[in-house]
Amino acid sequence: MTLPDDRWVITASPLQSALPIWRNSSSFEAEFTEPPSKWGVTSQAPAMETAMAPLNLLAKLEGPREPSSDGIYESPLDPFALSFSPGWELVLVVDTALSMQPWFSTANAIAACAHDLPLFHSVRVIRMKNRQGKPLTFTPDASSLSHAPADTNRRCMILLLTDGVGPHWHRSEVLKHLRAWASHHVVAILQTLPEIEWELTGLPTRQARLRAPTPGCTNNNLVLHEIEEPQAHPAENIGPTPTLIPVLELRKRWIDQWVRMLLTNSRVHQPVAAIPAGPLTERPFFPKQSEPSTTASERVAAFESSVPESTYALAKSLAMAPLNRYVMDLIADKSEPTATPSDLSRVLTSNLLVAFEKPAGEASSFGQVTFDFADDVRQCLLAQSDSTHTYQTAELLDRHLARHMPALSGLSDRLRKPTPQAIPTITPQALPYLRVEASLLTALSAQSQEHRNTAEHLRTALIAHTPPSDRPALTGLDT
């Protein structure tokens, strides 16, 4: 993820090449598994190299070093010249709610960029497990973040990557952790959704003007200046100051503004999550549900009218495949190359999908089926899809997934020349993939009588092999 030196330009004068001592000697290991390299999936992560580059300005807080004897540094403004070795630790906390799965590649990209940045001595990734009906947990344990750092010579920065959609954002525990972290560290929230959509999440934000009275101070020391200046004298304001956590979009402009606030004494307009002091009130959580009378076609129509065209096109492509996050990346990359993680998030947080409580299918993580479309929704989406696109997607699945999902081997040929005899043997492991094949054959029924006969044969066989007691339990997506 390392950029050429000329890409690290943040100030008006170019930076000099970094000394070898600045480079992290340990190799980078991604926290989240990426799709198999043979799939040739281009990362859907935004340009994190550019977005994270402003963090390097914080090297100015490490204090001056002795002038270089060989004169390698030409300018005292060069942040590389202001410290002998990296002095910050970074902790990247990643919300792993179901809606965050499309952003795991982005989390890997952020960690990789931070690993390469000359600012950081170490980079840790902690998973925040955010599931409905389960306690909020961190892996590995994050309790040490609530205390002062053991090494007082190093600053610690905590970045929480989230969309604010998971169920625990409607409760107080996450806010309690943020408040405790902010007492000793520099904390910010990296919001994956654009600001215009924040009001739809469980992460409460407000507009404010912030000031850092001392460079690089912890969040508890940030000074809040209201957008509307109070008429009363400051001494008359009653009540403790809330803990302020800046909330940033994943864009260079937002991160650059936050960094410059930490480096100067100027007031900066900044959206924040303001966490009040004292006991926090629990907020009730109401999972988003479709109206009982809503049919699948009505739900699909409502979804189409509420999302960008690219999101709806991606949903139709996803309806052609058995789904997990790796397959979603594959479909987005190969079938809908303009799709972004935001498009995948919109699909995951819609009422079109359900999630398997226990993954179905093959034991390999690449072959497991973790998501499915709700009753009749897949068929509604396929009915609006072009048959040519369906055949192309079948060839894509056959080519890339047959190794991990054996039941898909030969799928493209079976769709073009369907016969009941060509259908793979129905086993418990093959069921989730053959259900998708039955939906594809049904959608292609207008092509020929063979398509109609084979679709009917497969649907009947699936019903016979799937008694209600053996059907996988499904749970609604966390929203």
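Residues numbered from 1 in each chain as written. Predicted model: local features only at pLDDT ≥ 70, side-chain atom pairs only at ≥ 80, totals over all residues. Heavy atoms only, no water.

Asks: Please explain the packing of aromatic side chains as it appears in this structure.
Replies: For any two aromatic rings, the description comes down to two numbers: the centre-to-centre distance and the angle of the planes. A complete count under the given rule lists 6 aromatic pairs for this structure. Taken together, a centroid distance of 5.9 Å and an interplanar angle of 70 degrees make the contact between F138 and W181 edge-to-face. Of this pair, F138 sits in strand β3 (residues 137-139) while W181 sits in helix α3 (residues 173-182), and the two are 43 residues apart along the sequence. Assigned by exposure class, F138 and W181 land together as buried. Centre to centre, the rings of F303 and Y312 are 6.3 Å apart; their planes meet at 45 degrees, and the pair counts as tilted. (Phe/Tyr/Trp six-rings, centres within 6.5 Å; stacked < 30°, edge-to-face > 60°. Helix = DSSP H or I, 4+ residues; strand = E, 2+ residues; numbered from the N terminus. Buried < 20%, exposed > 50% of the residue type's maximum accessible area, 1.4 Å probe, protein only.)

Asks: Before we go on, may I ask you to explain the packing of helix α6 (residues 309-318) against helix α7 (residues 325-334) in this structure?
Replies: Angle between the axes and distance between the axes are the two parameters that describe a pair of packed helices. Relative to each other, α6 and α7 sit at 120 degrees, their axes nearing to 10 Å. By the angle class used here, α6 and α7 are oblique. For the crossing formed where α6 meets α7, the hand is right-handed. Counting all contacts with α6, which are made through L314, S317 and L318, the residues of α7 involved are M328, I331 and A332. Of the residues in the contact of α6 with α7, the class split is 5 nonpolar, 1 polar and no charged. (Axes fitted to C-alpha atoms, helices over the stretch in contact; angles between N-to-C directions. Parallel < 35°, antiparallel > 145°, perpendicular 65-115°, else oblique. Left-handed = near helix turned anticlockwise from the far one by under 90°. Contact = heavy atoms within 4.5 Å. Nonpolar A, V, L, I, M, F, W, Y, C, P; charged D, E, K, R; others polar.)

Asks: Looking at this structure, how should I read the confidence of the model for the chain?
Replies: Interpretation of this model should avoid reading the predicted coordinates in detail wherever pLDDT is low. Residues with a pLDDT of 70 or more make up 80% of the chain, whose mean pLDDT is 82. In the model, residues 229-238 has pLDDT below 50 throughout and makes 3 contacts with residues more than four positions away in sequence or in other chains. (pLDDT = per-residue confidence, 0-100.)

Asks: Please explain the pairing of strand β2 (residues 120-129) as it appears in this structure.
Replies: The side chains of a regular strand alternate between the sheet's two faces. Pairing geometry for strand β1 (residues 88-95) and β2, over 8 bridges, is parallel. The residue bridging V94 from the neighbouring strand is R127, located in β2. Handedness of the crossover joining β1 and β2 through helix α2 (residues 104-116) is recorded here as right-handed. Two strands pair when backbone bridges link them, and β2 and β3 are joined in this way by 3 bridges, in the antiparallel orientation. The residue of β3 that forms the bridge with M128 is F138. (Pairing = 2+ DSSP bridges. Right-handed = clockwise from strand over helix to strand, strands pointing away.)

Asks: Just to check I follow, could you spell out the pairing of strand β10 (residues 353-361) for this structure?
Replies: In this structure, β10 lies alongside strand β11 (residues 368-373), joined through 5 bridges in antiparallel fashion. Looking at β11, one finds that G361 is bridged to Q368. What sits between β10 and β11 in their antiparallel hairpin is a turn of 6 residues.

Asks: Where do I start with the environment of K417 in this structure?
Replies: Here K417 shows up in the loop between α11 (411-416) and α12 (431-443). Between the alpha carbons of K417 and T454 there is a distance of 9.9 Å; along the sequence they are 37 residues apart.

Asks: When you look at the sheet that holds strand β4 (residues 155-162) in this model, what are you seeing that I'm missing?
Replies: Sheets are built from strands that pair by backbone hydrogen bonding, the pairs being arranged parallel or antiparallel. Taken in spatial order, the 9 strands of this open sheet run β3-β2-β1-β4-β5-β8-β9-β6-β7, and their pairing is mixed. What marks the edges here is a single partner per strand, and that holds for β3 and β7 (223-225). The sheet shows a mean angle of 40 degrees between the axes of neighbouring strands, direction not considered. Lying on the sheet, α2 is in contact with β1, β2, β4 and β5 (186-191); it crosses β1 at an angle near 180 degrees. Relative to the sheet, helix α4 (residues 252-263) contacts β4, β5, β6 (206-211), β8 (243-249) and β9 (268-275), its axis offset from that of β8 by approximately 145 degrees.

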